[in-house]
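Descriptive analysis of the structure
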Amino acid sequence: MNPIRIRSTQPDDLPALIALQERVYPDIPPWDLHKLQAQLAVFPQGQIVAEDDNGLLGCASSLIVLWDDWSEDHNWSEITGDGSFNNHNPAGRTLYGAEVFVDPTRHGAGIGHLLYQGRRTLCRAMNLKRIIACGRLPGYHRHAEQMSPELYVQNVVWGDLSDPVLSFQLKEGFSYCRIMDGYIPEDIESRGNAALIVWLNPEYDPEQPTIIPEEVSP
Ligand SMILES: CC(C)(COP(=O)(O)OP(=O)(O)OC[C@H]1O[C@@H](n2cnc3c(N)ncnc32)[C@H](O)[C@@H]1OP(=O)(O)O)[C@@H](O)C(=O)NCCC(=O)NCCS
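Residues numbered from 1 in each chain as written. Predicted model: local features only at pLDDT ≥ 70, side-chain atom pairs only at ≥ 80, totals over all residues.

In terms of nonpolar packing, the biggest core is built from 30 residues, with L95, Y96, C134, L137 and A195 touching the most fellow members. Contacts of C134, omitting those with residues within four sequence positions, involve W76, M180, Y183, A194, A195 and L196. Core analysis: the second largest hydrophobic core is formed by 18 residues, I6, L17, I48 and C59 among them. (Core = buried A, V, L, I, M, F, W, Y, C linked by C-beta atoms within 7 Å. Buried ≥ 20, exposed ≤ 12 C-beta atoms within 10 Å, placed from the backbone. Contact = placed C-beta atoms within 7 Å.)

What follows is the structure, encoded as structure tokens:
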């Protein structure tokens, strides 16, 4: 038995996370150490990893935003402060998913599910209203000659096409809202597009403040 565990990211994890990210996205420059250190300093509770006895298997990184500031068009670089999370705003009520990835040799083994479960646990523990993310559409390039990104995503929502990221997110209970054009311009597979998705926290209580726990057990 080599069980998979979810836990908060620690400073010692960062070099291995960068190496893993390079394997996940060979064509996209990875985060540098300083950005990851900044994320941990700004919002340690929002950074989680998956591991087994052999090492790190994936991560999910989040910040809190005041959604009214961002509900119009934005791209990944703008909302994440170019990966530094300097837009993190504890006064907001939206947990914003900046990144999630799993070791490419371990896809389909439930690790992404555990990381998303960790995010939902965090959202509930902090009494946040929702999780919003803009997911890549890595399957779009295969259909880009035949259809717009909107029609592609509609086909995925209808169940007539499958996308490696959006199909996973829909299975995780997220709802599709709209296409974000130019979200990650260098993401060739997605042709720069992303799908804005949302999950509403059923336990959110607007009468209660946001809770910032010292630590959350994801
Ligand atoms: C997206 C990603 C995180 C999913 O992680 P994963 O560990 O492979 O997903 P899981 O095994 O936990 O799958 C959870 C559920 O989603 C479903 N799912 C996962 N990938 C799927 C796919 N390509 N198509 C359809 N369903 C899929 C699984 O079947 C499972 O549902 P089930 O419980 O009913 O069987 C992973 O593929 C990844 O790291 N992709 C590359 C990085 C990336 O693009 N991240 C997104 C950034 S926006």
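There is more to say after this.
Counting buried positions along strand β4 (residues 94-102) gives 8 out of 9 residues, so the element sits mostly inside the fold. Bridging between strand β3 (residues 55-65) and β4 involves 8 bridges; their strand directions are antiparallel. Each bridged residue has a counterpart across the sheet, and for S62 the counterpart in β4 is G97. Note: β4 against strand β5 (residues 130-136), 4 bridges, orientation parallel. When the sheet's bridge partners are listed, Y96 is paired in β5 with I132. In the classification by handedness, the crossover that spans β4, the intervening helix α4 (residues 111-125) and the parallel β5 is right-handed. (Helix = DSSP H or I, 4+ residues; strand = E, 2+ residues; numbered from the N terminus. Pairing = 2+ DSSP bridges. Right-handed = clockwise from strand over helix to strand, strands pointing away.)

Strand order in the open sheet formed by 7 strands is β1-β2-β3-β4-β5-β7-β6, and the pairing between neighbours is mixed. Either end of the sheet is taken by a strand with one partner, and the two such strands are β1 (5-8) and β6 (175-180). Strand-to-strand twist of the sheet, defined as the mean angle between neighbouring strand axes without regard to direction, takes the value 25 degrees. In this structure, strand β2 (residues 47-52) lies alongside β3, joined through 6 bridges in antiparallel fashion. The residue bridging D52 from the neighbouring strand is G55, located in β3. Here helix α1 (residues 14-24) sits on the sheet and contacts β3 and β4; the angle it forms with β3, its principal contact strand, is near 95 degrees. (Axes fitted to C-alpha atoms, helices over the stretch in contact; angles between N-to-C directions.)

Close contacts around the ligand come from 20 residues, with V102, H107, G112, H113 and S167 the closest. Only β4, α4, β5 and α6 (166-171) provide two or more residues apiece to the shell around the ligand. Classifying every residue of the shell around the ligand by side-chain character gives 10 nonpolar, 8 polar and 2 charged. (Near = placed C-beta within 6 Å. Nonpolar A, V, L, I, M, F, W, Y, C, P; charged D, E, K, R; others polar.)

Positive phi, normally seen in glycine, also occurs at F85, with a value near 60 degrees. By secondary structure assignment, the location of F85 is in the loop between α3 (76-79) and β4.

Listed in full, the buried residues belonging to helix α5 (residues 149-158) are P149, Y152, V153 and V156. Within α5, the buried residues cover an arc of 95 degrees as seen down the axis, which keeps them to one side. Among the exposed residues of α5, those oriented more than 90 degrees off its buried face are L151 and W158. Against the buried residues of α5 lie α6, β6 and β7 (194-200). Looking one or two places after α5, you find G159, whose phi comes out positive at around 90 degrees. (Arc of directions from axis to C-beta.)

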